[in-house]
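# Chains, contacts and geometry: an overview
These are the residues of each chain, in order.
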Amino acid sequence: MLSFVSLFGRTQLDQTVASSAAHVSELPSPCFVVDLPTARRNCAKMLSKAAAAHVQLRPHIKTHKTIEGALLQTGNDRSAGICVSTVAEAEFFAAAGFTDILYTNPITQDKLSRVQKLLSSSSDSSSNSVNARTGQAVDGVQRMHVMVDSVDALRCLESEHERQTSAGVVPTVWSVFLKIDAGYHRAGVDVTQGFAEAVSVARSLTDSPCVELRGIYSHRYCLPSTSVCPQLLFAL
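Residues numbered from 1 in each chain as written. Predicted model: local features only at pLDDT ≥ 70, side-chain atom pairs only at ≥ 80, totals over all residues. Heavy atoms only, no water.

A word on the overall build of the protein chain. Helices and strands together make up the secondary structure of the protein chain, namely eight helices and eight strands. Looking at the protein chain as a whole, 41% of its 236 residues qualify as buried. Excluding contacts between residues fewer than 6 apart, the proportion of contacts in the protein chain whose partners are at least 24 apart in sequence is 63%. Surface accessibility of the protein chain: about 12,700 Å² in total, with carbon and sulfur atoms responsible for 52%. (Helix = DSSP H or I, 4+ residues; strand = E, 2+ residues; numbered from the N terminus. Buried < 20%, exposed > 50% of the residue type's maximum accessible area, 1.4 Å probe, protein only. Contact = heavy atoms within 4.5 Å. Areas by Shrake-Rupley, 256 points an atom, 1.4 Å probe, with all protein chains shown as cover.)

Here we come to the packing of helix α4 (residues 87-95) against helix α5 (residues 109-120). The N-to-C vectors of α4 and α5 enclose an angle of 10 degrees; their axes lie 10 Å apart at closest approach. By the criterion of interaxial angle, the relationship of α4 to α5 is roughly parallel. Between α4 and α5 the crossing geometry is left-handed. For the pair α4 and α5, the contacting residues are Val87, Ala88, Ala90, Glu91 and Ala94 in the first and Lys111, Arg114, Val115 and Leu118 in the second. Here the contact of α4 with α5 is composed, by residue class, of six nonpolar, no polar and three charged. (Axes fitted to C-alpha atoms, helices over the stretch in contact; angles between N-to-C directions. Parallel < 35°, antiparallel > 145°, perpendicular 65-115°, else oblique. Left-handed = near helix turned anticlockwise from the far one by under 90°. Nonpolar A, V, L, I, M, F, W, Y, C, P; charged D, E, K, R; others polar.)

Before going further, it helps to spend a moment on the nonpolar core. Soluble globular proteins: nonpolar side chains tend toward being buried together. Membership of the largest hydrophobic core comes to 42 residues, with the highest contact counts inside it found for Ile101, Ile107, Met144, Leu157 and Trp174. Apart from residues no more than four positions distant in its own chain, methionine 144 is found in contact with Ala90, Ile101, Tyr103, Val115, Leu118, Leu119 and Ser175. Membership of the second largest hydrophobic core comes to five residues, among which are Cys83, Leu102, Met147 and Tyr217. (Core = buried A, V, L, I, M, F, W, Y, C linked by side-chain atoms within 4.5 Å.)

Here we take up the pattern of salt bridges. When the charged atoms of two side chains with opposite charge come close together, those side chains can pair. Throughout the structure, instances matching the rule amount to seven salt bridges. Between glutamate 91 and arginine 114 there is a salt bridge, with its nearest N and O atoms 2.9 Å apart. Taken together, the residues span a long stretch of sequence, with glutamate 91 in helix α4 and arginine 114 in helix α5 at a distance of 23 residues. Taking relative accessible area as the criterion, glutamate 91 reaches 3% and is therefore assigned buried. (Salt bridge = Lys/Arg side-chain N within 4 Å of Asp/Glu carboxyl O.)

Moving on to the environment of arginine 58. Inspection of the secondary structure assignment puts arginine 58 in the loop between α2 (36-52) and α3 (67-73). On the basis of relative accessibility, which here comes to 19%, the residue arginine 58 falls in the buried class. Excluding residues that lie within four positions of it along the chain, arginine 58 makes contacts with Gly81, Ile82, Cys83, Asp100, Ile101, Leu102 and His145.

For the pair α5 and helix α6 (residues 151-166), the least separation of the axes is 10 Å and the interaxial angle reads 55 degrees. By the angle between their directions, the pair α5 and α6 is classed as oblique. Between α5 and α6 the crossing geometry is right-handed. Of the residues in α6, those in contact with Gln109, Leu112 and Gln116 of α5 are Cys156, Leu157, Glu160 and Gln164. Considering only residue class, the contact of α5 with α6 consists of three nonpolar, three polar and one charged.

What follows covers unusual backbone geometry. Positive phi, normally seen in glycine, also occurs at lysine 65, with a value near 55 degrees. Look at lysine 65 and you get buried, because its relative accessible area is 19%. Even without glycine at this site, asparagine 76 takes up a positive phi of about 65 degrees. Examined against the element boundaries, asparagine 76 turns out to sit in the loop between α3 and β1 (82-84).

Once that is clear, we can look at the confidence of the model for the protein chain. Taken as a whole, the protein chain shows an average pLDDT of 81; of its residues, 75% reach a score of 70 or greater. By mean pLDDT, the top-scoring element of the protein chain is β1 (97), and the lowest-scoring one is strand β3 (residues 129-130) (48). Contacts from residues 1-13, a stretch scored under 50 in pLDDT, to residues over four places away or in other chains number 32 contacts. Long-range and interchain partners of residues 124-135, a stretch whose pLDDT sits below 50, account for 22 contacts in this model, where long-range means more than four residues apart. (pLDDT = per-residue confidence, 0-100.)

With six of seven residues buried, strand β2 (residues 100-106) is to be regarded as a mostly interior element. Crossover β1 to β2 through α4 is right-handed. Across four bridges, the pairing between β2 and strand β5 (residues 143-148) is parallel. Within β5, the residue paired with aspartate 100 across the bridge is arginine 143. (Right-handed = clockwise from strand over helix to strand, strands pointing away. Pairing = 2+ DSSP bridges.)

Shown next, in the form of structure tokens:
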């Protein structure tokens, strides 16, 4: 059995259970149990598929929230790039040495200061922040990407850019992914009825001096997987 280091910390009970349990039936529930050979095999298979297709794999860590799991997903490469669902996850994995992180929820004003600290601490060790949940010091990341799904979200980044300029600070040029909704209807610019709005938001991003549009992010849903991004890129 593999004892994973969780985002929420390891308790004495966790250590005792991991070292003393002889069989899965002896573990108290709920309990996170990993079939390590299967996990390794599946991760290796996914990495191999991505390599064969000549694409970068950026795995999501939101389900397991563990360092060991992320290392399996990235082929033991902390610079390979991961996705997170919360700023706390970004802080945790930055503290663990992961240097390329995509925060996959659309950015909002209340999250900017913490994301900014992750970026700032990469070049200034005195500005390192602390993860509020774990108390760990947060190291800087080399590449921190945020998600935008509206012009309002862009304006949020532009306002921070203007504030930094007014304060005499070198302003951040945000690395941005455009989140589109292919039918799941949870987040993103809806493209199920056409691409006009998505194209408008994308052009606003490319015209803005404070962001660099890095790509498009979407969950596969009702639209064919081969149709959304190519059509949107063609429209751009």
